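For reference, the chains in residue letters:
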4 protein chains.
Amino acid sequence: MKAVRLHGYGQRPVVEEVSEPQLTGPLDVIVRIGGAGLCRTDLHIIEGQWREKSNVELPYTLGHENAGWVQEVGGAVTNVEPGDAVIVHPLVTCGLCRACRAGDDMHCENSLFPGISTDGGFAELLKTNARAVVRLPDGVEPKDIAAHADAGLTAYHAVKKAARILYPGTTAVVIGAGGLGHIGIQSLKVLSAARVIVLDRSEGSLELARECGADETILVDGSEIEAVRERTGGRGAEVVLDFVGEGGALGDSIAMLREAGTHYVIGYGGVLSVPAIDIISSEINVVGNLVGTYNDLAELMTLAAEGRVTLHTSTYPLDAVNEAMDDLEAGRLHGRGILIPA
Amino acid sequence: MKAVRLHGYGQRPVVEEVSEPQLTGPLDVIVRIGGAGLCRTDLHIIEGQWREKSNVELPYTLGHENAGWVQEVGGAVTNVEPGDAVIVHPLVTCGLCRACRAGDDMHCENSLFPGISTDGGFAELLKTNARAVVRLPDGVEPKDIAAHADAGLTAYHAVKKAARILYPGTTAVVIGAGGLGHIGIQSLKVLSAARVIVLDRSEGSLELARECGADETILVDGSEIEAVRERTGGRGAEVVLDFVGEGGALGDSIAMLREAGTHYVIGYGGVLSVPAIDIISSEINVVGNLVGTYNDLAELMTLAAEGRVTLHTSTYPLDAVNEAMDDLEAGRLHGRGILIPA
Amino acid sequence: MKAVRLHGYGQRPVVEEVSEPQLTGPLDVIVRIGGAGLCRTDLHIIEGQWREKSNVELPYTLGHENAGWVQEVGGAVTNVEPGDAVIVHPLVTCGLCRACRAGDDMHCENSLFPGISTDGGFAELLKTNARAVVRLPDGVEPKDIAAHADAGLTAYHAVKKAARILYPGTTAVVIGAGGLGHIGIQSLKVLSAARVIVLDRSEGSLELARECGADETILVDGSEIEAVRERTGGRGAEVVLDFVGEGGALGDSIAMLREAGTHYVIGYGGVLSVPAIDIISSEINVVGNLVGTYNDLAELMTLAAEGRVTLHTSTYPLDAVNEAMDDLEAGRLHGRGILIPA
Amino acid sequence: MKAVRLHGYGQRPVVEEVSEPQLTGPLDVIVRIGGAGLCRTDLHIIEGQWREKSNVELPYTLGHENAGWVQEVGGAVTNVEPGDAVIVHPLVTCGLCRACRAGDDMHCENSLFPGISTDGGFAELLKTNARAVVRLPDGVEPKDIAAHADAGLTAYHAVKKAARILYPGTTAVVIGAGGLGHIGIQSLKVLSAARVIVLDRSEGSLELARECGADETILVDGSEIEAVRERTGGRGAEVVLDFVGEGGALGDSIAMLREAGTHYVIGYGGVLSVPAIDIISSEINVVGNLVGTYNDLAELMTLAAEGRVTLHTSTYPLDAVNEAMDDLEAGRLHGRGILIPA
């Protein structure tokens, strides 16, 4: 089958023929890919940012945001059968460790992360397991919701944490209305009654933010901290969801927090740097976010089927992966890029 | 009356005569000081670290950790009467803002912080209000528990947050077994069933930690991160309570966390600096801590009266404030220093 | 001034002249009533259901759902001033007990409940205190939102608890789309992403329910338990909000619960009777609800000002109180009845 | 192999030869029983109380509280191997439904309950699965901790819920210091800092309660409600853990609650009957409890290995099951009865 393989850090992946994945365990599931989302993390992987964390052996197949149809299942699989349309949770988990048993799939002690630490879904077929596949509601097409497998899930997971401390009258600031942010905004409007203020460097993204339900938008131009303070009676926001995590976003986030407020770090690339006296004198919190749980993904599919969270995507054939990457790097890719095997 | 007043940053306070505080509002309470704790924050104030945050006008009276007996009350005070032994919550709060109404006294929108932003308790009399005074159980002496008003409260408040995510089989690391840490260790043993590992640079402090109930102790000598990883199956600790917040403590704390673990910042002085990729790839949290609520203080008084949390203190006459500060700076002060007006 | 006074249980109240309330404490606030809601509880009081619980001395003035304008304030009141439009939290609380300090105004150890245990708001003036008054946003008229002071607050408070366990894909059943229920439905749609199924004996109420956002409605005709089970895959609902609490509603509620589901009791009049084996074998919960907190009321005012929760009311002059009661008893009163002093 | 089989409701089970269980699925685990606890539920099963709920076909093997050594494992089992000493979680769960994925093993949509709905552990061998077995720490003998599989787990699970609302200064009342209650008391002392008051009809049980750490004990003699009210300043207890659930215990529990208090139903047999006005006017809660999660059981094993929760047991050979049942019915069985295959 065809697959997009990374042969060396610092160089673009190549599309080549590889052998098809095989069932080896009773809970294995092989999925025929209907669509696979392209993520800024794919660029970060190529740059080598994940080299030591993933420890993956090159070459391998990229693609950690996948949906399609069940092709084949192991002997003990009871929750899906061949032909079922599914979205694929990014982690292959064991189901037996404490984290799995507590629902924290992300922290499974025996997990694989296809597309990060083993072969992923920029290919015709993907091997995952029964614990990772969420059956799609009738009428939902894999390629249309593939981007929820990582972008949507990560945004929803962070928003779900934030929603616990939001109530009518509070303010949630969203930094970055891109691939993740535009889902985060919709999720905020569905899960909370807070006012949502969205910040971005691009007027186009702010326009998208407003379509997604943002109550207010602010162009990032150096005066954004002051702008947020002004709109919050000088006090700052209870919640800042930082979908950027580099440039000035991390510092801005801390500076925009109200006393006892919480900064949700979702984007990455930069370094968070805060004097401890500022952390304690305002009693603020910083919360990391890593994809989300299987149950989060199932909830998000409910919202997608209800039409309450929708995706903005552009599709490319699998062969055009490098063109898609060019567009992503150049800021020409509107919405999430989805690779589709022929 | 006699009071310890700061006349200029960078110079030691002086003991001098000032006029006595007067009742001005119906909820005011004047307390005759029985004991006032000396805190590293007093040194930080003198250094000027709080200059901009407190915005206090010099000269003023230091002392934010106070206990004594009610001397006089305003016309609307119903919860205490003259003669009652009380510990004084560090903040004078309004009781009418959202934070007060939610129990978050620390974030009152109209608060005063005696000893930080207005005259404090290094004096014969202190002016506070009805919302700040906790009546002491019979047989509890103000000078014996004064250090709970800030040191104890802050440690207890942070431990109470941490206890929510601790369960049998988890590990809580305590960095620093000093004035706050030794109360933190005792609180952890009372409020949780976790294993408590204590780190300190001093063998004497580790000895105190063991008396306070630490399950294990580790001398901080550069190999402490590895030592914690070894004792946690290579995974790190679910909770790190950082009572130091400077030197290597902040970095050590992050490095000792397990996936999804939480770093409670209590001590301060240093700068927390973490790449965002480390925050998200491990989904860790950083939680600031600022004193605690009135209800926290009342709970701590229950534990003190039951003998489940005890204090290590050294007493000094109020006149000897600078000798006490010398001892604190030089590391000669064992336990918390308590100033007692003649 | 004119007031509606109850002189004996089992007999209708009379409108008569009484002396005006006077400020006695520094936190007292006197409110000129703009509108006071009539509640089924007023009928229950007359029937004597609250006789022992309230222990109030007759005659006294009814009316526990009040809004108006501040007339006069005590010397220590800082949060409102004469002329401010306010809604009045139903309890006069002390602000000093553990419950007040934790935000649980309903459980204040030193509270008064005007209209239940002391003189209420079916009058020209009402005496309450600074802790009870919520300033209204500009443009909000007291008579239009008075019903939120009890009906709205109680519904919102219960929904807020329920929202914590609801997520996309879950079902909340609302029993009773009347004075409280129609606010509960709107609050559910704002605070949660759950499917809302509303049950009522009246087609008219179900019509109102649909206007308020109900996803599905079921006429209560004896087959309602089966109908809910059918629409939940045979499993029952995660949440049942019982705004009726008499007739068959209590039994229906338990029978409609999913395993681990929760029954929120809001209406009353009947007796809940469940074999313990049914409680444990399904691990279900029953949660009582009593008005709500001051902060709940402030949040609800935000939603009211945003137009996200609206009230259906009918107004009567204060003199027509008994006509309003007749209409309520006869089921002729559409929406909440609001009494307005001339 | 030998097994204790129920052939008809209302008649005692018989010990007879049956064929050994066989592996059929890749996650199956067969356990050689080291000890199986006898529970009041076994008597309730014989009486027919569970007939409709379990829908089990007779004859079948009783025994839902099991520990032993792994005998044989299916091909996909990775967490245990033959020879491992294990305690067996009472439910065989699927790991794939929402409840399993959220850690709520008790509410698995595809579960079996050996000893209730299929063959249990009053036998030489028990068939369960990989998701049910908890490896025992070194030096822990299956027969010594078997009673934790149900009695211990259920008590611990309920206490863990209660501990979330207990803090220093609160009161937890325990009704019934028997097989479950004596573990509940120890768990309360480990997980919370509340005062624990224990009620029982037997002085012997109260003696055991004090050994387990009860702070106060009260003999149930008709004045127990008043006694609890007296010891709680007339207000009642924040928490009542009802390990009896019949006789007067259910009514007593409600009557002993403080405003906003919670009644945890654990024992069963009786009917809970409460006027709705009492539920809402005090805003009380009733919480059902059904065994506990796998993670709960693992935590309890940690406490058992640390010696912080210990069991009082009496052992019987498997053949003497009816003698043990006689002793249990007659109140002669001290601690939990454990059946041991020859």
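These figures come from a predicted structure and were not determined experimentally. (Residues numbered from 1 in each chain as written. Chains lettered and ligands numbered in written order. Predicted model: local features only at pLDDT ≥ 70, side-chain atom pairs only at ≥ 80, totals over all residues. Heavy atoms only, no water.)

1. What to know about the packing of aromatic side chains
At step 1: Counting across every chain of the model gives four aromatic pairs over all chains.
At step 2: Plain terms: the ring middles of tryptophan 50 of chain B and tyrosine 268 of chain B are 5.9 Å apart, the flat faces sit at 85° to each other, and that makes the pair edge-to-face. Linking tryptophan 50 of chain B in the loop between helix H1 (40-47) and helix H2 (51-54) with tyrosine 268 of chain B in the loop between strand E13 (257-265) and strand E14 (271-275), this pair joins segments that are 218 residues apart in sequence. With respect to burial, tryptophan 50 of chain B and tyrosine 268 of chain B carry one shared label: buried.
At step 3: Above the plane of the ring of tyrosine 167 of chain D lies arginine 98 of chain C, whose end atom (NZ or CZ) is 3.6 Å from the centre. (Phe/Tyr/Trp six-rings, centres within 6.5 Å; stacked < 30°, edge-to-face > 60°. Helix = DSSP H or I, 4+ residues; strand = E, 2+ residues; numbered from the N terminus. Buried < 20%, exposed > 50% of the residue type's maximum accessible area, 1.4 Å probe, protein only. Lys NZ or Arg CZ within 6 Å of the ring centre and 35° of its normal.)

2. Some details on the nonpolar core
At step 1: Ranked by size, the top nonpolar core spans 236 residues in total, and within it Leu241 of chain C together with Leu241 of chain D carry the most contacts.
At step 2: Contacts of leucine 241 of chain C, omitting those with residues within four sequence positions, involve Ala158, Val159, Ala162, Val173, Val174, Ile175, Leu188, Tyr264 and Ile266 of chain C.
At step 3: Core analysis: the second largest hydrophobic core is formed by 233 residues, Leu241 of chain A together with Val239, Tyr264 and Leu339 of chain B among them. (Core = buried A, V, L, I, M, F, W, Y, C linked by side-chain atoms within 4.5 Å. Contact = heavy atoms within 4.5 Å.)

3. Quick look at the interface of chain C and chain D
At step 1: In this assembly, 42 residues from chain C lie in contact with 42 residues from chain D.
At step 2: It is Ile277, Ile280 and Glu283 of chain C that lose the most area in chain C upon contact with chain D, and together they represent 20% of the buried surface on that side.
At step 3: If you look at where chain C meets chain D, you find eight salt bridges.
At step 4: One salt bridge in this structure joins arginine 258 of chain C and glutamate 109 of chain D, with 3.0 Å as the shortest N-O distance.
At step 5: Remark: the boundary between chain C and chain D carries 27 residue pairs in polar contact (both at pLDDT 80 or more).
At step 6: For the side of chain C that touches chain D, the secondary structure elements donating two or more residues are helix H5 (151-163), strand E13 (257-265), strand E14 (271-275), helix H10 (276-281) and strand E15 (285-288) of chain C.
At step 7: Here the element with the most residues in the side of chain C that touches chain D is H10 of chain C; it accounts for six residues.
At step 8: Of the residues that constitute the side of chain C that touches chain D, the class distribution is 20 nonpolar, 13 polar and nine charged.
At step 9: Where E15 of chain C lies against strand E15 (residues 285-288) of chain D, three bridges are found, and the strand directions are antiparallel. By the bridge assignment, valine 287 of chain C is partnered in E15 of chain D with asparagine 285 of chain D. (Buried area = accessible area lost by both parts, 1.4 Å probe. Salt bridge = Lys/Arg side-chain N within 4 Å of Asp/Glu carboxyl O. Polar contact = N/O pair within 3.5 Å; in protein donor to acceptor, adjacent residues only side chain to side chain. Nonpolar A, V, L, I, M, F, W, Y, C, P; charged D, E, K, R; others polar. Pairing = 2+ DSSP bridges.)

4. So, the relation of the copies chain C and chain D
At step 1: Placing chain C over chain D gives an RMSD of 0.0 Å and needs a rotation angle of 180°, together with 0.0 Å of translation along the axis. Such a turn and shift between the copies fits a two-fold axis. Among all C-alpha atoms of chain C, that of serine 273 of chain C lies closest to the rotation axis, at 2.1 Å.
At step 2: Both copies share a contact surface, since 100% of the interface residues of chain C are interface residues in chain D too. (Least-squares fit on C-alpha atoms with pLDDT ≥ 70 in both.)

5. What about the relation of the copies chain D and chain B?
Applying a rotation about an axis and a shift along it to one chain copy brings it onto the other copy.
At step 1: Between chain D and chain B, which share one sequence, the superposing operator has a rotation angle of 180° and an axial displacement of 0.0 Å; the RMSD is 0.0 Å.
At step 2: Take the interface residues of chain D: 100% of them recur as interface residues in chain B, which is what a same-surface contact looks like.

6. A few points about the confidence of the model for chain A
Parts of the prediction with low pLDDT should not have their coordinates interpreted in detail.
At step 1: Across chain A, the average pLDDT comes to 96, with 100% of residues at or above 70.
At step 2: Complex prediction metrics read pTM 0.96 and ipTM 0.95. (pLDDT = per-residue confidence, 0-100.)

7. Description of helix H12 (residues 321-330) of chain C
Residue and element names in this part refer to chain C.
At step 1: For H12, the set of buried residues is Val321, Ala324, Met325, Asp327 and Leu328. Down the axis of H12, the buried set is contained in an arc of 160°. They therefore lie on one face.
At step 2: Once H12 finishes, glycine 331 follows within two positions and takes phi at roughly 75°, a positive value. (Arc of directions from axis to C-beta.)

8. So, the interface of chain D and chain B
At step 1: With twelve residues of chain D at the interface, the matching set in chain B holds twelve residues.
At step 2: Both faces combined, the contact of chain D with chain B buries some 940 Å², and carbon together with sulfur accounts for 57% of it.
At step 3: Contact with chain B buries surface across chain D, with Pro168, Ala193 and Glu299 of chain D losing the most and accounting together for 44% of the total.
At step 4: At the junction of chain D and chain B, the tally comes to zero salt bridges.
At step 5: Put simply, chain D and chain B have zero residue pairs in polar contact (both at pLDDT 80 or more) between them.
At step 6: For the side of chain D that touches chain B, the secondary-structure elements that each account for two or more residues are helix H6 (181-191) and helix H11 (294-305) of chain D.
At step 7: Ranked by residues supplied to the side of chain D that touches chain B, first place goes to H11 of chain D with three residues.

9. Notes on the domain arrangement of chain A
By a frequent convention, interface size equals the accessible area lost on bringing the separate parts together.
Residues and elements named next belong to chain A.
At step 1: Per the domain assignment, the segments of chain A are domain 1 (2-147 + 292-340) and domain 2 (153-288).
At step 2: Taking only C-alpha atoms into account, the centre of domain 1 sits 27 Å from that of domain 2.
At step 3: Tallying the contact residues gives 20 residues for domain 1 and 14 residues for domain 2.
At step 4: For the pair domain 1 and domain 2, the summed buried surface comes to about 1,600 Å²; carbon and sulfur atoms form 62% of the total.
At step 5: Viewed at the interface, domain 2 and domain 1 are joined by two salt bridges.
At step 6: Here lysine 160 and aspartate 296 are joined by a salt bridge, their closest N and O atoms 2.8 Å apart.
At step 7: Summed over the shared surface of domain 1 and domain 2, the result is eight residue pairs in polar contact (both at pLDDT 80 or more). (Domains from an automatic or database assignment.)

10. A closer look at the sheet that holds strand E2 (residues 14-17) of chain D
All names here are of chain D.
At step 1: The strand order across the open sheet formed by three strands is E2-E1-E4, and the pairing between neighbours is antiparallel. Strands with a single pairing partner mark the edges of an open sheet, and in this sheet they are E2 and strand E4 (60-61).
At step 2: Inspection of the sheet shows strand E1 (residues 2-6) paired to E2 by four bridges, in the antiparallel sense. The residue of E2 that forms the bridge with lysine 2 is glutamate 17.

11. Comments concerning the sheet that holds strand E4 (residues 60-61) of chain A
At step 1: If you trace the three strands from one edge of the open sheet to the other, you get E2-E1-E4 (chain A), paired in antiparallel fashion. Strands with a single pairing partner mark the edges of an open sheet, and in this sheet they are strand E2 (14-17) and E4 of chain A.

12. Regarding the pattern of salt bridges
At step 1: For the coordinates displayed, the defined rule picks out 96 salt bridges over all chains.
At step 2: Put simply, arginine 5 of chain A and glutamate 16 of chain A hold a salt bridge, and the shortest N to O gap is 3.3 Å. Taken together, the residues span a long stretch of sequence, with arginine 5 of chain A in strand E1 (residues 2-6) and glutamate 16 of chain A in strand E2 at a distance of eleven residues.
At step 3: Look at glutamate 16 of chain A and you get partly exposed, because its relative accessible area is 23%.
At step 4: Between glutamate 65 of chain D and arginine 336 of chain D there is a salt bridge whose closest N-O contact spans 2.7 Å. With glutamate 65 of chain D in the loop between E4 and strand E5 (66-73) and arginine 336 of chain D in strand E17 (residues 336-340), this pair connects stretches of sequence that are 271 residues apart.
At step 5: For arginine 336 of chain D, a relative accessible area of 6% gives the class buried.
At step 6: Through salt bridges that share partners, Arg98 of chain A together with Lys160, Asp296 and Glu299 of chain D make up one connected network.

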